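Report on the structure
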Amino acid sequence: MSTTWWSRLNKKQEENHASESQLTEKDQRIQTQPNDDPTLNPGELTFEEYTAGGLGRHLGVTSCTLLIVGRIVGTSIFSTPSFILSSVGSVGASFMLWAFGFFFSLCGLFIWLEFGTMFPRSGGEKVYLEAVYTKPKYLATVVFAVYCILLGFTPTGCIVFASNILVAADQLVGRWNERGIALGVIFFVTLLHGLTPKTGVLIMNLLSIFKILILIFVVITGWVVLSGKTRVADPHYDFRNAFAGSSTSSSDYAAATFKILNAYAGWSNVNYVMNDVRNPVRTLKIAGLLGLGICAVLYLLANVAYFAAATKLQPRAVFGSAAERVLAVFIALSALGNVVTVTFAAARVNQEIAKEGIPLPFGNKFWASNWPTGKSPLPGLIIHLIPSESATAITIIAPPPNIAFPFILDIEGYPQQIVDFFIVTGLFYLRWKKPDAVRPFKVWWPFAVFFLVAAAFLLVAPFLRPPGGVGDTPPLPYYLYCLVGITIMFAGVLYWAVWRIILPKVFGYELVLRKEELDDGTVVAVFSNQKTQQSGD
């Protein structure tokens, strides 16, 4: 049976390669580099130099769709609904926010499709910010790099995996054993992708398929509960007067929206790994819509199941202890799949950041390389590993999980909204500045306007005082996560100023760029310090 399955898979791959070879010369050019305008080339390297090295283009439509599903469906759908309900106060308001989150994500997807098909190479937002905000030079790159590295951690997924595995094993969940397992998970995933890249992609795809099956199981369970044939006395309780008790605070809705957008985060995951994608323009357009659509349908139906099985007064009412341990295994594997997927994409972004020549410890050439296999960026994975391990260790002495978990989600969400705001603003700028640029996909402008307005609201609303001045992570100030996010972005500006202005002026040198090709074929930009001539010489 397994032989038959593998033969079918190989036949399908051969058909995909055959369809690629049938593309016209124009189509092939558009699939790689749609724009020949040198002023539209982000960064210092050429398109061919940016895409050199690594495993090559090996991801098709199926893998890219699963890459998006695996990134979106993580732990949030199992934990976020209760946070959302407690924030906004009613089931009706919760559903409206989940629907809003989908539409907002869809608008964002269309914007990222336009950018991604214009610049079909790895890096995602890094590339698009560089294409728009070219002055001051390297400012956009450095700010994004600091944000991406400092907040590119995955402790929540690792901790959720650990806690649920302990529950499934009927073991006491303590901070030390939970965090110890979490640390082991991120180490395992780093080595998996760094040393056995093809196996990593296979496991990533299998876990994404498993996630879909888990959510289908949850949805079916919800419909069974709604039929009235379970121990739940009144499964329709939450759907009567669905908007009763709704919050009237814009701050509550903003905080809840950040959590929902975090649950939908991942629709842009293919944009980060475009160097690995076959027919990148075509694949991005298909996989983006398909991946987000699958997740949105499953999310909304899973919320129906959640509110049918659990009310505000009766949070858990469906499963017995044995069945709950089985469900804990499902959640743990879903969390693991999310960690595997996030890490895969984050490593590629880190590698693209290092290619730009930004000063990093031990030099940027090592971090930009595909050492040691020549096929996968283990150094980029290590960049992702360090803040993940640090964040996991910090949670050992952090506030209780019911405060720390939503606070971490909020910290991740706010800087992303800052980036999103500048991305959509840059879209309108490029439409005005480069109206004739090749755009294989063009977002309908009302969608872009809606995304811009919503992003602006999400930047302002968290600073509006909620009733009683208490947010969703008491006793922490309701605005604290915003300040932390802004501080991180400002740290990027400071880092850029020290590198590009202060140190050269103090020590009397200028930064000179050169390009180097590494042993694995990767091309990087390298800056050296050259003493400036004194005016009196």
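Quick note: structure is the one above.
Residues numbered from 1 in each chain as written. Predicted model: local features only at pLDDT ≥ 70, side-chain atom pairs only at ≥ 80, totals over all residues. Heavy atoms only, no water.

1. Overview of the overall build of the protein chain
As a reminder of what qualifies: Helix and strand definitions follow DSSP, with helices as H or I runs of at least four residues and strands as E runs of at least two, each counted in order from the N terminus. Any residue under 20% of the maximum accessible area for its type is buried, any over 50% is exposed, and the rest in between are partly exposed; the area is computed with a 1.4 Å probe on protein chains only. Throughout, a residue-residue contact means that at least one pair of heavy atoms, one from each residue, lies within 4.5 Å. Per-residue and other accessible areas were derived by the Shrake-Rupley procedure at a 1.4 Å probe size, with only the shown protein chains allowed to occlude residues.
For the protein chain, the helix and strand inventory stands at 19 helices and two strands. Counting all 537 residues of the protein chain, 54% fall into the buried class. Here the contacts in the protein chain between residues at least 6 apart in sequence split such that 80% fall between residues at least 24 apart. For the protein chain, the accessible surface area stands at approximately 23,300 Å², while carbon and sulfur atoms represent 65% of it.

2. A word on the environment of T62
Position of T62 among the secondary structure elements: in helix α4 (residues 61-72). Classification of T62 by relative accessible area gives exposed; the value is 58%. T62 sits 229 residues away from G291 along the chain, and the two C-alpha atoms are 9.6 Å apart.

3. A closer look at the nonpolar core
Quick note on the threshold: Residues belong to one nonpolar core when they are buried, are Ala, Val, Leu, Ile, Met, Phe, Trp, Tyr or Cys, and are joined through side-chain atoms within 4.5 Å.
One finds I111, F115, F119 and Y299 to be the most contacted residues of the largest nonpolar core, which totals 120 residues. The element that contributes the greatest number of residues to this core is helix α6 (residues 91-118), accounting for 13 residues. Once residues lying within four places of it in the same chain are set aside, the contact partners of F119 are L40, P42, V127, Y128, A131 and L430.

4. Quick word on the side chain of N205
Inspection of the secondary structure assignment puts N205 in helix α11 (residues 197-226). Residue N205 is classed as buried on the basis of its relative accessible area of 12%. Leave out the neighbours within four places in its chain, and N205 touches S63 and L66.

5. With respect to the pattern of salt bridges
This is how the line gets drawn: Should a side-chain nitrogen of Lys or Arg be within 4 Å of a carboxyl oxygen of Asp or Glu, the pair is scored as a salt bridge.
Applying the stated criterion across every chain yields a total of 11 salt bridges. E114 is paired through a salt bridge with R439; the nearest N and O atoms lie 3.1 Å apart. Of this pair, E114 sits in helix α6 while R439 sits in the loop between α17 (401-433) and α18 (445-460), and the two are 325 residues apart along the sequence. Put simply, K126 and E356 hold a salt bridge, and the shortest N to O gap is 2.9 Å. Separated by 230 residues along the polypeptide, K126 in helix α7 (residues 125-132) and E356 in the loop between α14 (321-355) and α15 (364-368) bring together distant segments of the chain. Taking the relative accessible area as the measure of exposure, K126 reaches 1% and is therefore buried. One salt-bridge network, held together by shared partners, links E114, R431 and R439.

6. Section: the pairing of strand β1 (residues 509-517)
How we decide: Only strands joined by at least two bridges in the DSSP assignment are considered to pair.
In the sheet, β1 pairs with strand β2 (residues 523-531) via nine bridges, with the strands oriented antiparallel. When the sheet's bridge partners are listed, V512 is paired in β2 with S528. What sits between the antiparallel neighbours β1 and β2 is a turn of five residues, in which G521 has the positive phi angle 95°.

7. Brief notes about the packing of aromatic side chains
The test is simple: Side-chain rings of Phe, Tyr and Trp, where Trp is taken by its six-membered ring, are said to pair if the distance between their centres is within 6.5 Å; with planes under 30 degrees apart they count as stacked, over 60 as edge-to-face, and otherwise as tilted. Only when the NZ atom of a Lys or the CZ atom of an Arg is both within 6 Å of the ring centre and within 35 degrees of the ring normal do we say a charge sits over the ring.
Applying the stated criterion across every chain yields a total of 30 aromatic pairs. When the ring of W98 is compared with that of Y299, the centres are 5.7 Å apart and the planes differ by 90°; the resulting orientation is edge-to-face. Here W98 is found in helix α6, whereas its partner Y299 is found in helix α13 (residues 280-309), with 201 residues between them in sequence. The same class applies to W98 as to Y299, namely buried. For the ring pair W112 and F451, a centre distance of 6.0 Å and an interplane angle of 65° mean the geometry is edge-to-face. Residue W112 is found in helix α6, and its partner F451 is found in helix α18; the two are separated by 339 residues along the sequence. Accessibility assignment for this pair places W112 and F451 in one class, buried. An aromatic cluster is present here, built from F100, F103, F104, F110, W112, W267, F441, W444, F447, F450 and F451 joined pairwise through their rings. The side chain of R121 reaches across the aromatic face of Y50, ending 3.6 Å from its centre. Above the plane of the ring of F344 lies R348, whose end atom (NZ or CZ) is 4.0 Å from the centre.

8. Considerations on empty space enclosed by the protein
Applied cut-off: Cavity: a set of points on a 1 Å grid over the protein atoms alone where a 1.4 Å probe fits but cannot get out. Pocket: an open set with protein on both sides within 12 Å along at least five of seven lines, its lining residues, like those of a cavity, having an atom within 4 Å of a point. Grid points are joined across faces, edges and corners, and a volume is the space filled by probe spheres set on the points.
Enumeration according to the criterion identifies five cavities of 30 Å³ or more in this entry. Considering only enclosed or pocket space, the largest cavity measures out at about 860 Å³ in volume. Residue lining of the largest cavity: 41 residues in total, with R71, N262, A265, E412 and Q416 positioned closest to the centre. For the lining of the largest cavity, the secondary structure elements donating two or more residues are α4, α6, α8 (139-151), α9 (155-168), α12 (250-264), α14 and α17.

9. Concerning the packing of α6 against α12
So the rule is basically this: Angular values range over 0 to 180 degrees, each being the angle between N-to-C directions of two axes fitted as lines to C-alpha atoms, with helices fitted over their stretch in contact. When describing relative orientation, an angle under 35 degrees is termed roughly parallel and one over 145 degrees roughly antiparallel, while 65 to 115 degrees is termed roughly perpendicular and anything else oblique. The crossing is said to be left-handed when, going from far helix to near helix, the turn is anticlockwise and less than a right angle, and right-handed when the turn is clockwise. Residue type decides the class: Asp, Glu, Lys and Arg count as charged, Ala, Val, Leu, Ile, Met, Phe, Trp, Tyr, Cys and Pro as nonpolar, and the leftover types, Gly among them, as polar.
In contact at an axis separation of 9 Å, α6 and α12 are set at 55° when each is read in the N-to-C sense. Overall, the two elements α6 and α12 adopt an arrangement that is oblique. As α6 packs across α12, the resulting crossing turns out to be right-handed. Along its contact with α6, which presents A93, L97, W98, F100, G101, F102, F104 and S105, the element α12 presents Y253, A256, T257, I260, L261, A263 and Y264. By residue class, the composition of the contact of α6 with α12 is 12 nonpolar, three polar and no charged.

10. Observations regarding unusual backbone geometry
Note that the residue after K135, namely P136, is joined by a cis bond; omega there is -10°. Along the chain, P136 turns up in the loop between α7 and α8. Here the bond from W371 into P372 is cis, since omega is 0°, no more than 30 degrees from zero. Of note, Y138 is a non-glycine position whose phi angle comes to about 75°, a positive value. Here Y138 is to be found in the loop between α7 and α8. Using a relative accessible area of 9% as the deciding quantity, one classes Y138 as buried. One non-glycine residue with positive phi stands out, namely N279, at about 45°. Here N279 is to be found in the loop between α12 and α13.

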